[in-house]
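# Structural overview for review
Here are the chains, one letter per residue:
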Amino acid sequence: MTRQMTGAKMVVQALIDQGVDTVFGYPGGAVLPIYDEVFQQNSIKHILVRHEQGAVHAAEGYARATGKPGVCLVTSGPGATNAVTGLTDALMDSIPIIVLTGQVPTFMIGSDAFQEADTVGITRPCTKHNWLVKETDKLSGVLHEAFHVATAGRPGPVLVDIPKDVQFATGTYEAKKPSTSHYKPQVKGDMEAITELVAALETAKRPVFYTGGGVINSGPAASQLLRELVEGTGFPITSTLMGLGSYPASGERWLGMLGMHGLYEANMAMHDCDLMINIGARFDDRITGRIDAFSPKSKKAHIDIDPSSINKVIKADIPIVGDVAHVLEDILKVWKSRGRKTNAAALAKWWTQIEAWKTVDCLKFTQKGKTIKPQYALSRLEALTKDHDRYICTEVGQHQMWAAQYLNFEDPNRWMTSGGLGTMGYGFPASIGVQMGHPDALVINVAGEASWLMNMQELGTAMQFNLPVKQFILNNERLGMVRQWQELLHGERYSHSWSESLPDFVKLAEAFGAKGIQCSDPADLDDAIMEMINYDGPVLFDCLVEKHENCFPMIPSGKAHNEMLLGEAETQGVIDAKGSVLV
Amino acid sequence: MSALKLKKGSTSHSAYNLRPTFSDVVEKHTLAVLVENEPGVLARVIGLFSGRGYNIESLTVAEVDHQGHLSRITIVTTGTPQVIEQIKAQLGRIVSVHEVHDLTVEGPSVERELAMFKVAGKGDKRVEALRLADIFRANVVDSTLESFTFEITGAPEKIDAFADLMRPLGLIEVARTGVAALPRGD
């Protein structure tokens, strides 16, 4: 079906055809024709953010919590450059988002016009793909293709740059149709490799599943199939930061998160295993620690939809390129058809070892005195919110790692955190996007005071659209993770890692018309959290916590999984000169 | 060629993987990359090389299929086997890239490069330059009383050898196209 319409109308029409219900954006000169069309329709809700970076993180939060691509609409020049951090964040974490940018008219491109920037040039390395559309007739095709590219294969951010004259001009609109794109990533895994993996499952003595964000990105079916495979085999399972929730934290095979601040039992299992089954993870440096000491005795299978992830960091003995859900389905099929075999005797021994590691109780802490420990604050938050329809976002730093350690995730798409890029300022706008996708859910952003201030302007957005997001700020008046590294690596010289001139967060909330709560006494904490949960509207919760708490366990830079630090007593002089150059 | 081509999204079950992937030996490979002929596609490819720290020894690009809007980029690159595998996989990930061929491992191939050399000199040196050009089957495409401009086509090694001979004879300017390559046979 084709119709004549303006480019601006095509944008709105294509979004409707693609099933978009929410757009996060900020108007400006080069997108005025599109905003004029947005004004004249009721199908799509537009959320006016307070900064374009907020729009992109909100779209990311929406995408991660709903499984649908997030959409942003921003203007040319500064609108586009402000979107760059969000685009890079989405690229690193494989989040499908579509960013539409206005551009100066085609006849002014290259003339250093007002609010002109080389948007496709600037965003080429931080998008999966991008387009500058110079003809109105091509616009609808590009918009539909943009949704296809963002969501097909390994998801990622895409950007469509639309000059203002293209928005004004009339052209032919083509409706959405099945993609004819040459871009068709392989989703089915190679059966020979899958059979080889099943044979390895049957005989493994010390196996471990190591799962990542790819399981979440593959959709809810992947998590279901993963649970079936874990229950069927009885193998232990750990996950990266990105993959939390794909297997339930209450599941009996759950080891907890692995990696730099992962659990002792998870990292020890990774180090000592004889079969590692990587499902949708990418051997990130936060996971592997020292490469040459990484799980030295194991055979490694690697399932990933992106061929470039395979052998990038760690050599895969059984590489399988494909979508997690498709591959898991085939693994289960083959494993069942061969009689559901595992090496039960060896597995029982392996579990005895794992249970012994668990007795270390690496997350234990003691709450004493009148100061709230951050671990205690999160334990109470977990206890008081776990029965709610709950979504958690975080900013970046110590609080993010503690949240991953002390909050439990039972389902996928419930945990939104900036894993790859580590973007401070991600969590608050992301929580706004999550709440848009799930209006009745309890959406909490676990934050540090420094991260939260990076995108605090979005409090206006939360108020305007009546989004009752809860900002749970663990306020230690420090850039906690920076401080921790300075303590361990830089002779306790705390260079610029404290938060000076902090606002009064309660008054700040009230200035926007939101609710502010401050809590500093452990005895008051439960009541204060309940007050936050029960308040119908955005809440800024200023939780004053212990200022010098460090985050453990920790694999120091340049060390192996079995060289974890478990507490303060072990921290002196552990990182050598070689380790200290690593980030 | 088709049997071994690295299709997008394929596993790394190529003949290449029969060699140890994680070796330290730096190899030189010639890659042929078929791309959508659209604005910015070359920037995507070279941006990948600079962004990820890969080497480019030479690079040529031109449209080869007007109807299908396809251009062919021929890249000569160096790296350890693991890096070469990464380069191919990363190229395959670019949405505008249709096919990636590693001509160095996909069987025998022919490589040619065109170069132009301006050689200035008088007397014996001038005569010697012309005589050597004849041996190398280089053509004179421009001449003055004190200079020749030679055009030469061949494998890069042949052009290197010709350049070495011309240098003492008054070589003042060189232009090289970079390598174009095709697999042998059908």
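The rules we used
Within any chain, residue numbers begin from 1 and follow the written order of that chain's sequence. By the order in which they are written, chains take letters starting at A while ligands take numbers starting at 1. Residue-level local features of this predicted model are given only where pLDDT is at least 70; pairs of side-chain atoms are given and counted only at 80 or more, and the full residue set underlies all totals for whole chains, interfaces and linings. Numbering of helices and strands runs from the N terminus, with a helix taken as a DSSP run of H or I at least four residues long and a strand as a DSSP run of E at least two residues long. With the radius of gyration taken over C-alpha atoms, the globule rule is written as 2.2 Å times the number of residues to the power 0.38. Buried, partly exposed and exposed are defined by the number of other C-beta atoms within 10 Å of a residue's own C-beta, namely 20 or more, between the two limits, and 12 or fewer respectively, with C-beta atoms placed from the backbone. Strands were regarded as paired on the criterion that DSSP finds at least two bridges between them. Here, axes are lines fitted to C-alpha atoms. For helices the fit covers the stretch in contact, and angles between N-to-C directions go from 0 to 180 degrees. Note on contacts: residues are paired as contacts if their backbone-placed C-beta atoms lie within 7 Å. Polar here means any residue other than Ala, Val, Leu, Ile, Met, Phe, Trp, Tyr, Cys and Pro, which are nonpolar, and Asp, Glu, Lys and Arg, which are charged; Gly is therefore polar. Here the angle decides the label: under 35 degrees means roughly parallel, over 145 means roughly antiparallel, 65 to 115 means roughly perpendicular, and every other value means oblique. Left-handed describes a crossing whose near helix is turned anticlockwise from the far helix through less than a right angle; right-handed describes the clockwise counterpart. Think of a nonpolar core as buried Ala, Val, Leu, Ile, Met, Phe, Trp, Tyr and Cys residues, each tied to the set through C-beta atoms within 7 Å. On a scale of 0 to 100, pLDDT captures the predictor's confidence in every residue.

Once that is clear, we can look at the overall build of chain A. For chain A, the helix and strand inventory stands at 24 helices and 20 strands. Over its C-alpha atoms chain A spans a radius of gyration of 24 Å, differing by no more than 12% from the 25 Å that the globule rule assigns to 583 residues. With 583 residues in all, chain A has 54% of them scored as buried.

Turning to the sheet that holds strand S3 (residues 45-48) of chain A, a few remarks are in order. Residue and element names in this part refer to chain A. Within the open sheet, the 6 strands sit side by side as S3-S2-S4-S5-S7-S6. Their pairing is parallel. A strand with exactly one partner marks an edge of an open sheet, and here the two such strands are S3 and strand S6 (129-132). Here the strands of the sheet are splayed against their neighbours by 20 degrees on average, with no regard to which way each runs. Docked against the sheet, helix H7 (residues 136-151) engages strand S5 (97-103), S6 and strand S7 (157-163), running at close to 165 degrees with respect to S7.

Time to look at the interface of chain B and chain A. Chain B puts 21 residues into the contact, and the matching count from chain A is 21 residues. Across the side of chain B that touches chain A, the residue classes tally to 4 nonpolar, 13 polar and 4 charged.

The next point concerns the sheet that holds strand S17 (residues 442-448) of chain A. Residues and elements named next belong to chain A. Spatial ordering of the open sheet is given by S16-S15-S17-S18-S20-S19, a layout of 6 strands whose pairing is parallel. Strands at the two margins of the open sheet, each flanked by one partner only, are strand S16 (415-416) and strand S19 (515-519). As judged from the 2 bridges shared by strand S15 (residues 390-394) and S16, these two strands associate in the parallel manner. Looking at the pairing, Ile392 lines up with Trp415 of S16.

Our focus in this paragraph is the pairing of S17(A). The side chains of a regular strand alternate between both faces of the sheet. Residue and element names in this part refer to chain A. Summarising burial for S17: 6 of the 7 residues are buried, a large majority. Pairing geometry for S17 and strand S18 (residues 470-475), over 5 bridges, is parallel. Residue pairing in the sheet places Ile444 in a bridge with Lys470 of S18.

So, on to the packing of helix H16 (residues 374-385) of chain A against helix H17 (residues 398-406) of chain A. Residues and elements named next belong to chain A. For the pair H16 and H17, the least separation of the axes is 9 Å and the interaxial angle reads 45 degrees. Considered as vectors, H16 and H17 are oriented oblique to each other. Here H16 runs over H17; the crossing is right-handed. Counting all contacts with H16, which are made through Pro374, Gln375, Leu378, Ser379 and Glu382, the residues of H17 involved are His399, Trp402, Ala403 and Tyr406. Class assignment of the residues belonging to the contact of H16 with H17 gives a composition of 5 nonpolar, 3 polar and 1 charged.

On to the environment of Lys118(B), then. All names here are of chain B. Relative to the helices and strands, Lys118 is located in strand S5 (residues 109-120). Sequence spacing of Lys118 and Phe49 is 69 residues, and the spatial spacing of their C-alpha atoms is 32 Å. Apart from the residues within four sequence positions on either side, Lys118 is in contact with Ser147, Thr149, Ile172 and Glu173.

Residues and elements named next belong to chain A. Along the chain, the position of Gln518 falls in strand S19. Through-space distance from the C-alpha of Gln518 to that of Val506 is 6.7 Å; in sequence the pair is 12 residues apart. With near-sequence residues (within four places) excluded, Gln518 lies in contact with Phe505, Val506, Asp542 and Leu544.

If you look at soluble globular proteins, the nonpolar side chains tend to sit buried side by side. Judged by nonpolar contacts, the single largest core of 188 residues is most densely connected at Ala59(A), Cys72(A), Ile97(A), Val99(A) and Val33(B). Sorting elements by how many residues they give to this core places helix H3 (residues 52-66) of chain A first, with 7 residues. Those residues within four positions of Ala59(A) in sequence are excluded, and the remaining contacts are Phe24(A), Gly70(A), Val71(A), Cys72(A), Ile97(A) and Gly433(A). Of all hydrophobic cores here, the second largest spans 13 residues; its members include Ala115(B), Ala138(B), Ile152(B) and Met166(B).

Time to look at the confidence of the model for chain B. Residue and element names in this part refer to chain B. Of all residues in chain B, 89% attain a pLDDT of 70 or more, and the chain-wide mean is 89. Counting interchain partners and residues more than four positions distant, the pLDDT-below-50 stretch residues 1-18 has 37 contacts. For this predicted complex, the interface confidence score (ipTM) comes to 0.91, while the overall pTM stands at 0.94.

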